[in-house]
Every structure is written in structure tokens, then in C-alpha cells.
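Residues per chain, in single letters:
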Protein chains: 2
Amino acid sequence: MNTPTFRNWQSVQTEVLRRIHAREWKPGELIPNEADLALEFGCARTTVNRALRAVADSGLLDRRRKAGTRVAIQPAAKATLTIPVIRNEIEERGQTYDYHRIERHLAAPPAAVSDAMKSPADHPLLHVCALHIADNVPYAFEDRWINPDVVPDALNESFEAVSANEWLLKHTPYTHGEIVFAATSATRDEAAFLKCPEKSALFTIDRVTWDGEFAVTKVRVLYGPDHQIRTAL
Amino acid sequence: MNTPTFRNWQSVQTEVLRRIHAREWKPGELIPNEADLALEFGCARTTVNRALRAVADSGLLDRRRKAGTRVAIQPAAKATLTIPVIRNEIEERGQTYDYHRIERHLAAPPAAVSDAMKSPADHPLLHVCALHIADNVPYAFEDRWINPDVVPDALNESFEAVSANEWLLKHTPYTHGEIVFAATSATRDEAAFLKCPEKSALFTIDRVTWDGEFAVTKVRVLYGPDHQIRTAL
DNA sequence: ATGTTTATTATGTATGCACATAAAAACATC
DNA sequence: GATGTTTTTATGTGCATACATAATAAACAT
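Residues numbered from 1 in each chain as written. Chains lettered and ligands numbered in written order. Predicted model: local features only at pLDDT ≥ 70, side-chain atom pairs only at ≥ 80, totals over all residues. Heavy atoms only, no water.

Asker: An account of the protein's contact with DNA strand D is needed here, citing residue identities and associated values.
Answerer: Taken together, 23 residues lie near DNA strand D, and N8(A), W9(A), T47(A), R64(A) and R63(B) sit nearest. Taking all atoms of DNA strand D within 4 Å of the protein, the share assigned to sugar and phosphate is 73%. T47(A) has a polar side-chain atom sitting 2.5 Å from a phosphate oxygen of DNA strand D. In this structure, E34(B) approaches DNA strand D through a main-chain N or O atom, which is 2.8 Å from a phosphate oxygen. Contributions of two or more residues to the surface near DNA strand D are made by α1 (9-21) and α3 (45-57) of chain A together with α3 (45-57), β1 (61-64) and β2 (68-71) of chain B. Broken down by element, the residue count for the surface near DNA strand D peaks at 4 residues, all from α3(A). (Near = heavy atom within 4 Å. Polar contact = N/O pair within 3.5 Å; in protein donor to acceptor, adjacent residues only side chain to side chain. Helix = DSSP H or I, 4+ residues; strand = E, 2+ residues; numbered from the N terminus.)

Asker: Can you lay out the pattern of salt bridges for me, pointing to particular residues and giving the numbers?
Answerer: Residues and elements named next belong to chain A. Tallying each qualifying case throughout the model produces 24 salt bridges over all chains. One salt bridge in this structure joins E166 and R87, with 3.1 Å as the shortest N-O distance. Taken together, the positions of E166 in helix α6 (residues 164-171) and R87 in helix α4 (residues 86-91) put the pair 79 residues apart, joining distant regions of the chain. R87 gets classed as partly exposed once you look at its relative accessible area, which sits at 29%. (Salt bridge = Lys/Arg side-chain N within 4 Å of Asp/Glu carboxyl O. Buried < 20%, exposed > 50% of the residue type's maximum accessible area, 1.4 Å probe, protein only.)

Asker: Could you give an account of the protein's contact with DNA strand C, with specific residues and numbers?
Answerer: Taken together, 23 residues surround DNA strand C, and among them R63(A), N8(B), W9(B), T47(B) and R64(B) come closest. Sugar and phosphate atoms constitute 71% of the interface atoms of DNA strand C, taking the interface as everything within 4 Å of the protein. The backbone of E34(A) places a nitrogen or oxygen atom 2.8 Å from a phosphate oxygen of DNA strand C. R65(B) is positioned such that a nitrogen or oxygen atom in its side chain is 3.3 Å from a base oxygen of DNA strand C. Those elements that place two or more of their residues in the surface near DNA strand C are α3, β1 (61-64) and β2 (68-71) of chain A together with α1 (9-21) and α3 of chain B. When residues in the surface near DNA strand C are grouped by element, the largest group, 4 residues, is from α3(B). Among the residues forming the surface near DNA strand C, the class breakdown is 3 nonpolar, 8 polar and 12 charged. (Nonpolar A, V, L, I, M, F, W, Y, C, P; charged D, E, K, R; others polar.)

Asker: Requested: an account of the sheet that holds strand β10 (residues 228-232) of chain A, with residues and values cited.
Answerer: Strand pairing in a sheet takes place through backbone hydrogen bonds and is either antiparallel or parallel in direction. Reading across from one edge, β10(A)-β7(B)-β8(B)-β9(B)-β6(B)-β5(B)-β4(B) is the order of the 7 strands in this open sheet, with antiparallel pairing throughout. Strand pairing shows two members of the sheet lacking a second neighbour, β10 of chain A together with β4 (97-107) of chain B, which therefore form its edges. Geometrically, the sheet is characterised by an average inter-axis angle of 15° between neighbouring strands, direction not taken into account. In this structure, β4(B) lies alongside strand β5 (residues 125-134) of chain B, joined through 10 bridges in antiparallel fashion. Bridging from a neighbouring strand, H100(B) pairs with L131(B) of β5(B). Taken strand by strand, helix α6 (residues 164-171) of chain B contacts β4, β6 (137-146) and β9 (214-223) of chain B, and its axis lies near 50° from that of β6(B). (Pairing = 2+ DSSP bridges. Axes fitted to C-alpha atoms, helices over the stretch in contact; angles between N-to-C directions. Contact = heavy atoms within 4.5 Å.)

Asker: I'd like a description of the interface of chain B and chain A, backed by residues and values.
Answerer: How big an interface is tends to be reported as the loss of accessible area on association of its parts. Contact residues are listed per partner, giving 48 residues for chain B and 47 residues for chain A. In total, about 4100 Å² of surface goes out of reach between chain B and chain A, with carbon and sulfur atoms giving 56% of it. Viewed at the interface, chain A and chain B are joined by 0 salt bridges. On inspection of chain B and its partner chain A, the count reaches 12 residue pairs in polar contact (both at pLDDT 80 or more). With 10 residues, the top contributor of residues to the side of chain B that touches chain A is strand β7 (residues 176-185) of chain B. Taken together, the residues of the side of chain B that touches chain A sort by class into 23 nonpolar, 15 polar and 10 charged. (Buried area = accessible area lost by both parts, 1.4 Å probe.)

Asker: Describe the packing of α1(A) against α3(A), listing the residues and the values that go with them.
Answerer: All names here are of chain A. Taken N-terminus to C-terminus, the directions of α1 and α3 make an angle of 50°; their axes are 8 Å apart at the nearest point. Here α1 lies oblique to α3, going by the angle between them. The way α1 lies across α3 gives a crossing that is right-handed. On the side of α1, the interface is formed by W9, V12, Q13, V16, L17 and I20, while α3 contributes T47, V48, R50, A51, L52, A54 and V55. Per-class residue counts for the contact of α1 with α3 are 10 nonpolar, 2 polar and 1 charged. (Parallel < 35°, antiparallel > 145°, perpendicular 65-115°, else oblique. Left-handed = near helix turned anticlockwise from the far one by under 90°.)

Asker: Which residues make up the relation of the copies chain B and chain A, and what values go with them?
Answerer: Structural alignment of chain B on chain A gives an RMSD of 0.2 Å, achieved by rotating through 180° and translating 0.0 Å along the axis. On the angle and the small slide along the axis, the relation comes out as a two-fold axis. Same-surface contact between copies: 98% of interface residues of chain B are shared with the interface of chain A. (Least-squares fit on C-alpha atoms with pLDDT ≥ 70 in both.)

Asker: Mind laying out the nonpolar core, listing which residues take part and the relevant values?
Answerer: Among the nonpolar cores identified, the biggest contains 64 residues, and F181(A) and F181(B) are the most heavily contacted of them. Those residues in contact with F181(B) that sit more than four places away from it in its chain are L81(A), F203(A), H227(A), Q228(A), I229(A), T231(A), L81(B), I83(B), F203(B), T204(B) and I205(B). (Core = buried A, V, L, I, M, F, W, Y, C linked by side-chain atoms within 4.5 Å.)

Asker: Could you give me a rundown of the sheet that holds strand β4 (residues 97-107) of chain A, with the residues and numbers involved?
Answerer: Taken in spatial order, the 7 strands line up as β4(A)-β5(A)-β6(A)-β9(A)-β8(A)-β7(A)-β10(B) in an open sheet, and their pairing is antiparallel. Strand pairing shows two members of the sheet lacking a second neighbour, β4 of chain A together with β10 (228-232) of chain B, which therefore form its edges. On average, each strand axis in the sheet is inclined to that of its neighbour by 15°, with strand direction left out of account. This element, α6(A), spans β4, β6 (137-146) and β9 (214-223) of chain A of the sheet and lies at about 50° to β6(A).

Asker: Go over the packing of aromatic side chains, please, and point to the residues and values.
Answerer: All names here are of chain B. Applying the stated criterion across every chain yields a total of 11 aromatic pairs over all chains. An angle of 45° between the planes, with centres 6.2 Å apart, marks the rings of F181 and F203 as tilted. Pair noted here: F181 is in strand β7 and F203 is in strand β8 (residues 201-211), with a separation of 22 residues, a long-range link. The buried category is assigned to F181, whose relative accessible area is 0%. (Phe/Tyr/Trp six-rings, centres within 6.5 Å; stacked < 30°, edge-to-face > 60°.)

Asker: So, the state of the cysteines: which residues are in play, and what are the values?
Answerer: Residue and element names in this part refer to chain A. Going through the model one piece at a time under the given rule, you end up with 0 disulfides over all chains. With no disulfide of its own, C196 has C129 as its nearest cysteine by sulfur position, at a separation of 16 Å. Given a relative accessible area of 10%, C196 falls into the buried group. (Disulfide = S-S within 2.5 Å.)

Take a look at the structure:
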């Protein structure tokens, strides 16, 4: 009744996951240390380490030096969402993508925007609004503010052919960002653009992108009604 | 003008990220292979490999055998969301958590639910509805269906003191799950429970949890108005 | 009893080496 | 020229070893 040998880290990972799910290792319980597992699985400790590290990354194991590795008590689900460029999102579903720029001008942003971008209240930013369309149906409304100090080239771009989304990705470096998911009620204007009833519940993604200490851009994307983002757990 | 040596994979990663952000390596561009980088950084190829793998995991690099590693053209943002147990979510903000079970009975679920759980339409499931409360204000409404074939013990549990959320986490193994984020409009009943206007836009998480081929539970959590989930990018 | 120092130990990681594998590129064949 | 086959090459991974580090437990001193 010997355990079969596990050659690669994936198979070790699978076995570890099996034991966790089968409750052979119960939540909160300490599991054998890497060296022992390596012996049991007939592989090197490095391999066990890699497997356990992967499982820990997914949140199912808690690891601490000296204390050892234990099964997470409340495995706070970690879902990795991929937020694609809208064009890709649409084209990957086999729909035709269309883009329509609605507005583009320099203006002082509302306080909510200048605050989020940590930009002086009266400092003008480039405001670009656009509609993303899938199979001739409005798909998402994009409301974006761009900091021309950080991206001076944006002032020479009309954003009529290429969406600001893609243009910025291609031309602008950034270091980090914040992203917020929420549900918002469609305003009159938004409803008109998205051709949905006013006050429809819209899935919304807000994103602020930074290059060092300067905000590059802030964008709010309002998706059409019934839009959903799904992922495996 | 020699590059300083990078001792550990984190510092290699930092340097790689710097080069990407600084556009020394431009989007779409092929970067030197691992062996060359190892030589340049004065470390082993394994170390470079680990660093590049980490960056690739975050979506900024595309790696393919033989073809080499290149900077992602459109780094589809990958956001890792942590979906905590609601009680923890509330308590971590220093608010008091309260829980109120609204309903619990065996019933044949609506088609949408039995379909999602791949359960026969007329097969009765345990329906548990509850309200999660933060500082005496309704926080989230939980609408859950539990498969008693998979979790027979649930039939002996009133879910009055412990939320089904936590009880299941503690008692039920599972293998995988699906999760869907969306925005929904509050129905009359939901609005009443959450003490918000009818048709408010509510952030919604739908989750189906499986143990092998059997659905363990399906839950829809409706968060109160203005709820948002944020994460770093 | 209590605080402080010193082992001890499990994980974390760097390294050199070997070999596996996918996929591009070169080549041969029809 | 199109198609199938072989070679080449960059990444992917396993392993043994060594040492680093964090955190606990044990030993020690006060």
C-alpha cells in the first residue's frame, strides 16, 4: 500500500488539493512538513515546495516559517479577474466591434475626479467619452480623464479611430493602478447612450492608472445591462 | 558602467518591471533570453526564470517555449479579488457584525437555480435566506440553495446562529466553483430587506460550488447600495 | 515567576546541472 | 510550391545541495 510516486509539481499539487478537499487534511490542521512530504511523494523538497507555494497562492494553505503549513480555516476565495481590452472582449466572442467617440475636450474635472487623480482642482484634463459597440448594440460607455502633463501626446490625438483605452496601453508607461468594481444606476445620459432604461443597474469598473506619483488616467466604464464578469474559483 | 548584480529573484523582478515600465523593453518586443539575462544580472538562470515567471503571471509578459519572452502588447489587466467571508469583511473594518436568518425551508427551486446546479427541476433543495448586518445597517442579502444530497447535515442545522456561509466552509468539502459578478436592480422584497429604494443598483455576486460533479450550493449575495470591491492592479 | 538569550526548525531561496518539451526554423521530399 | 520531417533552441522543470530567515521553543538568567 505504497503511495505512487509523484513526478512533477503539478501532480503533487493535485494530490495536495485532493487531500484538502477530501478533508484528509482538515481546515486549520497542520500538514506534514516539506521534507516528509518529499519523502512520501518520492520527489525532491524543491518540488513539494513549488506545489505548496502554488496552493498557498490560491489561498487554500497558510504557510509560515518554522510554524509550518496549515490548511486555511476560512479560505477567503481568491478570484482572478481578467479585465481585457474591450475590443478584444467583444471580438473574442465572435462579435463585430465598433467604436464611437462621443466627446473630447480639455476641461477642469469634477472634484471626484481631480481628487482621485490627486490633481489640482482647477487643472484642466483631457476628457474623452466614447461608446463601445458589439454587433451594433451598445456594449459599454467609457468616461475617461487623461492627464496631459503625463501624456502630452494625447493632446494631438483625436481618439476617433482608436479608443483611448488602446492608445494609452500602447503609448503610455505606468507603474501601478487601482480598480474598483461597483453597481451604478444609469443616469439619463448614460441610459441614452447605452439604449437602456434610465436607472438600469449597470456594472461599473473604475480604474485609476499611475506612473509613479502622477495619475495617468482615470476611467469609468459602464457596461450595458445584464453584463457580467465570470471566473472560476 | 556595469549593471549591479541582482542577488534574488525579487530584485530581478523589480528590474524587469522597471524596464517594462520605462519602455526600455517596449510592448510586443522580444526580451533577451533567460541565459543572457542571468549572465547580465550575475545570477543563475533559475533565478531569472522565477522572476520572469512571476511577471508573466501578472500578465505583463508573454512567454512561449522556443519563441522566447516578449512584453505583452495589451496587458489584459489581471485583478485578484479576495472575496472574504462577509463576517470577516465587516469585522475587519471595525464594525459590529450581525446576522439575521430570514428563511429556511425545503423547496423545489426555480428553474434558473436547478439549471445552474444541474439538479433535477423537481428535486427539493434547502433554501436559506439571511441578512448580514454591519453596525445595525443592512449590509448584504444572502439567498442560498443547498443540495441536501451532498450536505445531509445541513438539514439538521437551523442557520439561525451561524450563517450558511461559514457553516458550509467549515463542514463541506468542495472541489471547484464558479463566480459571477454583476449589477442587479433591487426587487421590492430585496429593497425592503436592505432598506434601500426599490430598483437600486446592487452589486451582486453569484457563486456555485461543486464537489466533483455535484453542486453543493448556489448562493447569490446582494450587497447594499454603493457597495464596491476594490483591488490594486 | 518573568524576562532575555540562544538554539532549533520549517519554510524560503540561490545555484549548477540535467533533461523534457513546445515550437520555430531549416531541410528534404513529393 | 506545398507538405512532411528533422534539427535547433528557449522555456519548463526536477534534483541535490547549501545557506538565509523567521518564528517558535527551550535554556538561561534575573
